[in-house]
Amino acid sequence: MNNHNSSKGFFWKIVITLTGLLVVVGFAYVLITINLSEKYVQERNQRLNADIAEHIIAEVKPYVGGLLDTTATDEIMGHMMAINPSIEVYILDADGVILNYVAPYKKVKLERVDLAPIQKFIASKGQQYIEGDDPRNPGKQKVFSAAGIVEDERTIAYIYVILASEEYESASEKVFNSYILKLGGRAMLLALLSALALGILAIWLITKNLDKIITTVKRFQAGEMSARIPVKEGGGINDLAIAFNEMADTIVGNIENLKSMENLRRELVGNVSHDLRTPLAVIHGYVETLMMKSDQLTIEERKKYLKITLESTHRLKKLVEELFELSKLEAKQVKPKKEPFFIQDLISDICQKFELVAQKKDITLTSATSPTRSMVYADVSLIERVLQNLVDNALKFTPKKGQIMLEIDNSDQYVEIKVSDNGPGIPKEQIPFLFDRYHIGDKRISLDNNNTGLGLAIVKKILEIHNVTIKLSSKLNKGTTFSFQLPQYESA
Ligand SMILES: Nc1ncnc2c1ncn2[C@@H]1O[C@H](COP(=O)(O)OP(=O)(O)OP(=O)(O)O)[C@@H](O)[C@H]1O
Ligand SMILES: [Mg+2]
């Protein structure tokens with residue numbers, strides 16, 4: 001519930017921010033538009049009426065013999081204003097002092113106008129946007145037209161025409177404002193509203209996914225290690241979801257790794273303390289006897305004790321090695337390094353290795369390999385270990401003059417490997433426990449042997465990590481067959 005609220009709060013925060021932003025943009029847009037349109041209108045006004053002052057000079061000679069002819073100027077300027085009521089005409093002397101003017105209602109407040117913009121205007125021939133003093137509004141700037149009255153190459157006066165009179169301007173402003181409001185304003189409002197709607201939709205879509213992400217992260221945080229964010233193709237926050245999922249996988253992998261290491265440690269400690277006790281006690285006992293009673297013992301006795309001690313150390317060594325191997329397998333520390341290899345070659349190798357032991361026991365060890373050499377896909381050294389343990393068992397439990405066979409059967413996808421002997425067989429009641437660790441079947445057979453009861457447990461584990469099960473068929477006094485299947489390697 002909490003995470004839900006937090007993501008909803010997030011949603012509203014973004015929506016409010018977006019709305020605020022759009023309102024600001026809307027205001028800014030309206031202000032800028034009004035301002036620019038005003039300037040644009042004025043610039044056009046100035047350009048269109050740039051030479052109006054020149055015309056006035058050409059029309060009426062305001063100066064006659066150096067003196068201002070006010071009646072003439074009044075008349076002509078009156079006419080001009082009748083035609084174009086938006087203008088106000090001023091006559092300035094060479095210093096910018098207003099000598100005469102025609103303006104509605106005669107509300108002129110300035111006595112003198114700044115000449116700098118006027119001179120700039122004349123120099124640019126009216127091609128530049130320039131604003132000058134408005135004699136009726138001190139401090140306000142307006143567009144104008146101007147021309148100099150030149151006598152004897154000296155400018156003695158200026159005609160200065162303000163292009164939008166106060167009344168005209170206020171009227172135009174009204175029209176302009178309502179126009180903007182009606183047309184531009186509506187269009188702008190529409191644009192802003194659709195932007196807002198689209199924005200909210202986008203935010204909703206994004207935060208909706210965010211909701212899923214937050215929920216999943218919280219579930220993971222609460223200990224649900226399998227929680228993953230569903231990733232849809234092309235979603236906006238997919239990268240985040242994928243990154244989180246990968247991170248979660250890594251964390252889970254690390255935890256599992258740590259767990260399996262911990263299991264390995266525990267197994268090893270437990271097994272070592274339990275299993276090493278017996279051989280160690282044996283060694284201890286015999287060595288102690290040898291030391292304490294050394295003068296009372298015959299040479300034969302001494303030899304016998306030493307032999308037992310040596311055998312016990314062998315047993316100890318084998319036990320430690322196999323325990324470690326099995327512990328690693330059980331703690332999932334061993335990952336099969338699968339590769340294609342010829343199974344026939346491995347079997348010949350094994351046969352060669354056990355040749356001598358077989359000869360000693362007068363056992364025939366044969367391998368029946370098919371004519372087609374088949375490749376399997378597995379970890380070669382682990383499979384070698386499996387075959388070693390199976391052949392080792394067969395040799396150990398099969399009496400003299402027995403027979404051991406290693407066979408390969410090809411099927412479509414699999415290669416079946418069989419290790420069979422014609423030994424004593426395994427009693428039915430033992431079969432369920434055969435692959436358990438420390439299961440030593442018939443004590444009479446194995447008592448004097450170097451047995452740990454770990455061989456078949458290791459075989460089962462190795463095949464398990466290959467996803468392979470081992471099969472067993474056995475008949476008492478007839479023999480035993482162990483078999484398993486490995487996947488054939490399809491060479492491309
Ligand atoms: N080919 C076989 N014929 C008869 N009995 C067998 C055969 N293979 C295994 N067994 C029985 O299964 C038991 C368990 O075998 P496993 O290989 O696990 O232990 P082990 O051979 O006794 O000891 P280790 O292999 O550690 O030296 C054996 O003790 C034996 O009784
Ligand atoms: Mg064995």
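What you see is a predicted model; the values in this text were computed from it and never measured.

## Quick look at the overall build of the chain
- In terms of regular secondary structure, the chain is built from 12 helices and 14 strands.
- Burial analysis of the chain (492 residues in total) assigns 37% to the buried set.
- Long-range contacts, defined here as pairs at least 24 residues apart, represent 69% of the contacts in the chain between residues at least 6 apart.
- Summed over its atoms, the accessible surface of the chain is roughly 29,600 Å², and 59% of this surface lies on carbon and sulfur atoms.

## What about the nonpolar core?
- Core analysis: the largest hydrophobic core is formed by 49 residues, its most contacted members being Ile343, Leu387, Leu390, Phe484 and Leu486.
- At the level of secondary structure, the elements contributing two or more residues to this core comprise helix H8 (299–330), helix H9 (343–360), strand E10 (375–378), helix H10 (380–397), strand E11 (403–410), strand E12 (414–421), helix H12 (455–465) and strand E14 (479–487).
- Top contributing element to this core by residue count: H10, with eight residues.
- Two domains each provide a minimum of three residues to this core, namely domain 3 (240–329) and domain 4 (336–487).
- Core analysis: the next-biggest nonpolar cluster, separate from the first, contains 22 residues, Met77, Val102, Val143 and Ala147 among them.

## Thoughts on the confidence of the model for the chain
- Chain-level statistics for the chain give a pLDDT mean of 84 and a share of 90% at 70 or above.
- Within the chain, no element has a lower average pLDDT than helix H11 (residues 443–446), which sits at 44, and none a higher one than E14, at 96.
- Every residue in residues 444–448 is under pLDDT 50, and counting partners more than four places away or in other chains gives four contacts.

## As for the pairing of strand E7 (residues 154–162)
- With respect to burial, E7 is a largely interior element, seven of its nine residues being buried.
- Of the strand pairs in this sheet, strand E3 (residues 88–93) and E7 are connected by six bridges, and their pairing is antiparallel. Within the sheet, the bridge partner assigned to Leu92 lies in E7 and is Tyr158.
- Bridging between strand E6 (residues 137–151) and E7 involves eight bridges; their strand directions are antiparallel. Among the inter-strand pairings, Val150 is bridged to a residue of E7, identified as Thr155.
- Turn length for the E6-E7 hairpin, with the two strands adjacent in sequence and antiparallel, is two residues, and the turn residue Asp152 shows positive phi of about 55 degrees.

## A look at the packing of helix H7 (residues 277–292) against H8
- In the contact formed by H7 and H8, the axes pass within 9 Å of each other and the chain directions differ by 155 degrees. Here H7 is positioned roughly antiparallel relative to H8, judged by the angle of their axes. In this structure, H7 meets H8 at a crossing whose hand is left-handed. Along its contact with H7, which presents Pro279, Leu280, Val282, Ile283, Tyr286, Val287, Thr289 and Leu290, the element H8 presents Arg302, Tyr305, Leu306, Ile308, Thr309, Ser312, Thr313, Leu316 and Leu319.
- Here the residues of the contact of H7 with H8 sort into 12 nonpolar, four polar and one charged.

## What to know about the pairing of E3
- Burial runs high along E3: six of the six residues are buried.
- Across the two faces of E3 the burial is the same, with Glu88, Tyr90 and Leu92 and Val89, Ile91 and Asp93 all buried.
- Both E3 and strand E4 (residues 98–102) contribute to a ladder of four bridges, which runs antiparallel. Considered in E4, the bridge of Ile91 is made with Asn100.

## Quick word on the sheet that holds E3
- Taken in spatial order, the five strands make up an open sheet running E4-E3-E7-E6-E5, and their pairing is antiparallel. Of all strands in the sheet, those bounded by a partner on one side alone are E4 and strand E5 (131–134). Averaged over all pairs of adjacent strands, the angle between strand axes in this sheet comes to 35 degrees, irrespective of strand direction.
- In terms of strand pairing, E5 meets E6 through four bridges, oriented antiparallel. Residue pairing across strands places Glu131 opposite Val143, the latter belonging to E6.

Rules of the game
- Residues numbered from 1 in each chain as written.
- Chains lettered and ligands numbered in written order.
- Predicted model: local features only at pLDDT ≥ 70, side-chain atom pairs only at ≥ 80, totals over all residues.
- Heavy atoms only, no water.
- Helix = DSSP H or I, 4+ residues; strand = E, 2+ residues; numbered from the N terminus.
- Buried < 20%, exposed > 50% of the residue type's maximum accessible area, 1.4 Å probe, protein only.
- Contact = heavy atoms within 4.5 Å.
- Areas by Shrake-Rupley, 256 points an atom, 1.4 Å probe, with all protein chains shown as cover.
- Core = buried A, V, L, I, M, F, W, Y, C linked by side-chain atoms within 4.5 Å.
- Domains from an automatic or database assignment.
- pLDDT = per-residue confidence, 0-100.
- Pairing = 2+ DSSP bridges.
- Axes fitted to C-alpha atoms, helices over the stretch in contact; angles between N-to-C directions.
- Parallel < 35°, antiparallel > 145°, perpendicular 65-115°, else oblique.
- Left-handed = near helix turned anticlockwise from the far one by under 90°.
- Nonpolar A, V, L, I, M, F, W, Y, C, P; charged D, E, K, R; others polar.

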